[in-house]
Every structure is written in structure tokens, then in C-alpha cells.
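Read off the chains here:
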Amino acid sequence: MIGMHYSVTLPADYDMEIIARRIRDKGHLMNGFEGLGFKAFLMARRRAGTYSSPTNLYAPFYIWRRAEGMAEFVSGPGFAALSGDFGRPPVTTWTIWEAKIGSDLPGARFAQRQIISIPPEVDLHALRGAEGRRAEEAMAAGAVAFVSAFDPGGWTFLSFSFWRHPIDASTGEGQIYEVGHVATGA
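The rules behind each value
Residues numbered from 1 in each chain as written. Predicted model: local features only at pLDDT ≥ 70, side-chain atom pairs only at ≥ 80, totals over all residues. Heavy atoms only, no water. Core = buried A, V, L, I, M, F, W, Y, C linked by side-chain atoms within 4.5 Å. Buried < 20%, exposed > 50% of the residue type's maximum accessible area, 1.4 Å probe, protein only. Helix = DSSP H or I, 4+ residues; strand = E, 2+ residues; numbered from the N terminus. Contact = heavy atoms within 4.5 Å. Pairing = 2+ DSSP bridges. Phe/Tyr/Trp six-rings, centres within 6.5 Å; stacked < 30°, edge-to-face > 60°. Salt bridge = Lys/Arg side-chain N within 4 Å of Asp/Glu carboxyl O.

1. Description of the nonpolar core
Now for step 1: Membership of the largest hydrophobic core comes to 23 residues, with the highest contact counts inside it found for Phe-38, Leu-42, Phe-61, Leu-105, Phe-160, Phe-162 and Tyr-177.
Now for step 2: Residue assignment for this core shows that the elements contributing at least two residues are strand E3 (36–44), strand E5 (61–64), strand E6 (92–101), strand E8 (145–151), strand E9 (156–163) and strand E10 (175–184).
Now for step 3: If one sorts the elements of this core by residue count, E3 sits on top with four residues.
Now for step 4: Sequence-distant contacts of Leu-105, that is, excluding residues within four places in its chain, are made with Phe-38, Val-144, Ala-145, Phe-162 and Val-182.
Now for step 5: Grouped together as the second largest cluster of nonpolar side chains are 20 residues, Met-4, Met-16, Ile-23 and Leu-82 included.

Below you can see the structure in the form of C-alpha cells.
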């Protein structure tokens with residue numbers, strides 16, 4: 001499996017309801033996409049409050065079961081439309097270590113992303129095991145999905161957790177997103 005993520009940074013005064021409407025109107029078009037595990041349509045709003053973000057973001061996250069599905073999407077009309085509207089964003093891909101996906105993933109309303117550097121002295125096997133335990137803990141705490149992945153090109157690892165209820169943002173760890181829709185593939 002492959003994780004894929006990109007982020008479109010939008011102006012501070014951008015009306016994020018445009019993104020919310022785009023997700024509502026077009027999110028279902030990814031349902032049944034060949035090779036897709038799931039696509040979480042994520043956004044963060046620049047505003048005051050618990051879930052504030054330093055910038056307005058549209059930042060989908062995907063799990064692909066096969067590289068061919070990812071290649072078909074990135075070279076297809078949906079990604080071309082996004083690139084035409086906002087410019088072509090850099091796309092980061094990740095090798096999946098752990099993917100715990102509950103049956104209520106479509107009910108997710110919040111997500112938290114963390115990207116952490118892996119120092120050269122870190123034992124990768126031990127780190128992968130720790131991420132597996134973290135996934136189990138998140139699911140036991142009510143997450144509807146937890147994904148952990150790594151990028152050996154930049155030696156970073158990524159974790160995404162998905163929740164039905166608001167996340168405790170007081171830790172300040174990572175980026176918190178609103179989940180507008182979750183599409184599942186074929």
C-alpha cells in the first residue's frame with residue numbers, strides 16, 4: 001500500500017466555504033476508483049479557535065492499494081482539474097507501515113497528521129513496532145483509522161489518525177484537519 005498526500009495553501013482571506021462546497025459536490029466522484037483504499041478530503045481553516053491553522057489548506061490524504069491506481073489518478077482528469085484551479089502541488093508518497101481502518105472511517109470528521117524526522121541512529125524495526133502499538137492505542141481510544149508510513153528518501157515518518165469527535169488540540173502536535181468526505185475505492 002502507498003500513502004499519498006499533497007497540500008494546497010490558499011490565501012489568508014480565501015473563502016474556505018468554496019473548498020467545503022467543492023468537497024460536497026465532487027467528493028463522491030472518487031467512490032469506487034480502481035486501486036483506491038480511501039481518500040480523505042481534508043481542509044484546515046486559518047481562524048482563531050481550537051482548530052486554528054496558520055494557513056488555509058486543502059490537503060487530501062489517500063491510501064492506494066496499487067501503484068497503478070495512483071498513477072491513473074495523478075495523470076487523470078480529476079488531478080488535472082485540481083492543478084488547473086490551484087496549480088500542480090508537490091505530491092508526497094509514503095510506504096505504509098501500519099493501516100488500521102475501522103468500518104466507520106466514512107464517519108470521520110477530524111484528522112491529525114504528524115510528520116517526524118527519523119534520525120540515523122533510530123532502529124527502524126523498533127520504530128515500526130512502536131507505531132503499531134500507537135495504532136492500537138489510537139483505535140482503542142476511539143479513532144476510526146490510524147495510518148503510519150515512512151519515506152526512506154527523506155527519512156521521515158508520517159502518522160494520520162481519523163476521529164468522529166473533536167481531537168484534543170492542546171498538545172499542539174501536528175496539523176489538525178476537518179474531514180469533509182471519505183471516499184472508498186474499488
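2. Description of the pairing of strand E7 (residues 110–117)
Now for step 1: Where E7 meets E9, eight bridges bridge the pair, whose relative direction is antiparallel. By the bridge assignment, Ser-117 is partnered in E9 with Thr-156.
Now for step 2: In terms of strand pairing, E7 meets E10 through four bridges, oriented antiparallel. Of the residues in E10, the one forming a bridge with Arg-113 is Gln-175.

3. Section: the side chain of Ser-83
Now for step 1: Mapping Ser-83 onto the fold places it in helix H3 (residues 77–86).
Now for step 2: Filtering out sequence-adjacent residues up to four positions away, Ser-83 remains in contact with Arg-88 and Pro-89.

4. Describing the pairing of E9
Here is the key point about a regular strand: its side chains alternate between the two faces of the sheet.
Now for step 1: Extensive coverage of E9 is indicated by the burial of eight of its eight residues.
Now for step 2: Residue alternation in E9 divides its side chains into two sets, Thr-156, Leu-158, Phe-160 and Phe-162 and Phe-157, Ser-159, Ser-161 and Trp-163, and both sets are buried.
Now for step 3: Taking the residues between adjacent antiparallel strands as the criterion, E8 and E9 are bridged by four residues, where Trp-155 takes a positive phi near 50°.

5. Some points on the packing of aromatic side chains
Now for step 1: Summed over the entire model, instances satisfying the criterion amount to 16 aromatic pairs.
Now for step 2: Feature note: the residues Tyr-6, Phe-33, Tyr-62, Trp-64, Phe-73 and Phe-79 constitute an aromatic cluster, connected by ring pairs.

6. Things to note about the environment of Ile-63
Now for step 1: For Ile-63, the location among the structural elements is in strand E5.
Now for step 2: Between the C-alpha atoms of Ile-63 and Ser-161, which are 98 residues apart in sequence, the distance is 13 Å.
Now for step 3: Look past the residues within four positions of Ile-63 in its chain and what remains in contact with it is Met-1, Ile-2, Gly-3, Leu-36, Gly-37, Phe-38, Ile-96 and Val-147.

7. A short note on unusual backbone geometry
Now for step 1: With phi around 50°, Trp-155 is a residue other than glycine that occupies positive phi space.
Now for step 2: Tracing the sequence through the fold places Trp-155 in the loop between E8 and E9.
Now for step 3: Judged by relative accessible area, Trp-155 falls into the partly exposed class, the value being 39%.

8. A word on the pattern of salt bridges
Now for step 1: Tallying each qualifying case throughout the model produces 10 salt bridges.
Now for step 2: A salt bridge links Glu-17 to Arg-24; its shortest N-O distance comes to 3.9 Å.
Now for step 3: Here Glu-17 ties to Arg-45 by a salt bridge, and the two come within 3.5 Å at their closest N and O atoms. Separated by 28 residues along the polypeptide, Glu-17 in helix H1 (residues 17–26) and Arg-45 in the loop between E3 and strand E4 (56–58) bring together distant segments of the chain.
Now for step 4: Assessed through its relative accessible area of 34%, Glu-17 is described here as partly exposed.
Now for step 5: When salt bridges with common partners are traced through the structure, they connect Glu-17, Arg-24, Arg-45 and Glu-178 into a single cluster.

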